[in-house]
Amino acid sequence: MERVVRVKSLNPDGTAQVLCKRESACGGNCAQCGGCADGQKTMEVTALNPIGAMPGDRVTLETSTGEILGLVVAVYLIPVVLLIAGYCAFGLWAGLTGLALGFLGAVFLDRSRAKRKKNTFTITGYAQD
């Protein structure tokens, strides 16, 4: 996945803070749908900066689609599969227990990923105006 962003600042470790426009399912009309909890239209992320972009530069930011799809599977698909498997094998309470275990697994994955502080974003080039 690729998008155009602006470099906000540089970090001592060679990474950069970039400002990304938040994409929303409501088409940018967040006030009407209430989907964006904090109402902010931009977010700041840390990205690898192999090209040496400077603050203020417009650059292309890339993230691994495979990693995002893996997270989607972990957060959405695994809890639903555990719900269905538990329900079919042992009934409603087992299904709900499977759903809860799936969500706990997703929380654990999120926390372990945050501890690693793995950069999933990379600046790949300068944006064309």
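Below is a summary of the structure that appears in this document. (Residues numbered from 1 in each chain as written. Predicted model: local features only at pLDDT ≥ 70, side-chain atom pairs only at ≥ 80, totals over all residues. Heavy atoms only, no water.)

Description of the overall build of the protein
Moving on, step 1. In terms of helices and strands, the protein carries three helices and five strands.
Moving on, step 2. The linear arrangement of helices and strands in the protein, starting from the amino end, is β-β-α-β-β-α-α-β.
Moving on, step 3. When burial is assessed residue by residue, the protein has 22% of its 129 residues classed as buried.
Moving on, step 4. Sequence separation of at least 24 residues holds for 67% of the intrachain contacts in the protein that already meet a minimum separation of 6.
Moving on, step 5. Approximately 8,800 Å² of the protein is accessible, and the part contributed by carbon and sulfur atoms is 62%. (Helix = DSSP H or I, 4+ residues; strand = E, 2+ residues; numbered from the N terminus. Buried < 20%, exposed > 50% of the residue type's maximum accessible area, 1.4 Å probe, protein only. Contact = heavy atoms within 4.5 Å. Areas by Shrake-Rupley, 256 points an atom, 1.4 Å probe, with all protein chains shown as cover.)

Description of a nonpolar patch on the surface
Moving on, step 1. On the surface, a nonpolar cluster with roughly 610 Å² of combined accessible area is contributed by Val73, Leu77, Ile78, Val81, Leu82, Leu101 and Leu104.
Moving on, step 2. Put simply, the parts of the chain that give the nonpolar patch at least two residues each are α2 (65–90) and α3 (92–116).
Moving on, step 3. No other element matches the five residues that α2 contributes to the nonpolar patch.
Moving on, step 4. With respect to the helices and strands, the residue Leu101 is situated in helix α3. (Patch = residues over 30% accessible without salt bridge, like charges linked within 9 Å, V, L, I, M, F, W, Y side chains within 5 Å. Salt bridge = Lys/Arg side-chain N within 4 Å of Asp/Glu carboxyl O.)

Overview of the side chain of Thr60
Moving on, step 1. As for its placement among the helices and strands, Thr60 is situated in strand β4 (residues 58–63).
Moving on, step 2. Excluding anything up to four places from it in sequence, Thr60 contacts Glu2, Arg3, Val4, Thr122, Ile123, Thr124, Gly125 and Ala127.

Observations concerning α2
Moving on, step 1. The end-to-end C-alpha separation of α2 is 36 Å, in line with the 38 Å expected for 26 residues at 1.5 Å each.
Moving on, step 2. Along its length, α2 reaches its greatest deviation from straightness, about 35°, at Leu77, and the proline Pro79 lies no more than four positions downstream.
Moving on, step 3. Turning to α2, its buried residues are Ala74, Pro79 and Gly86.
Moving on, step 4. Positioned one or two residues after α2, Gly91 has a phi angle of 115°, which is positive. (Expected span 1.5 Å × (residues − 1). Bend = angle between axes of the 7 residues up to and from the residue.)

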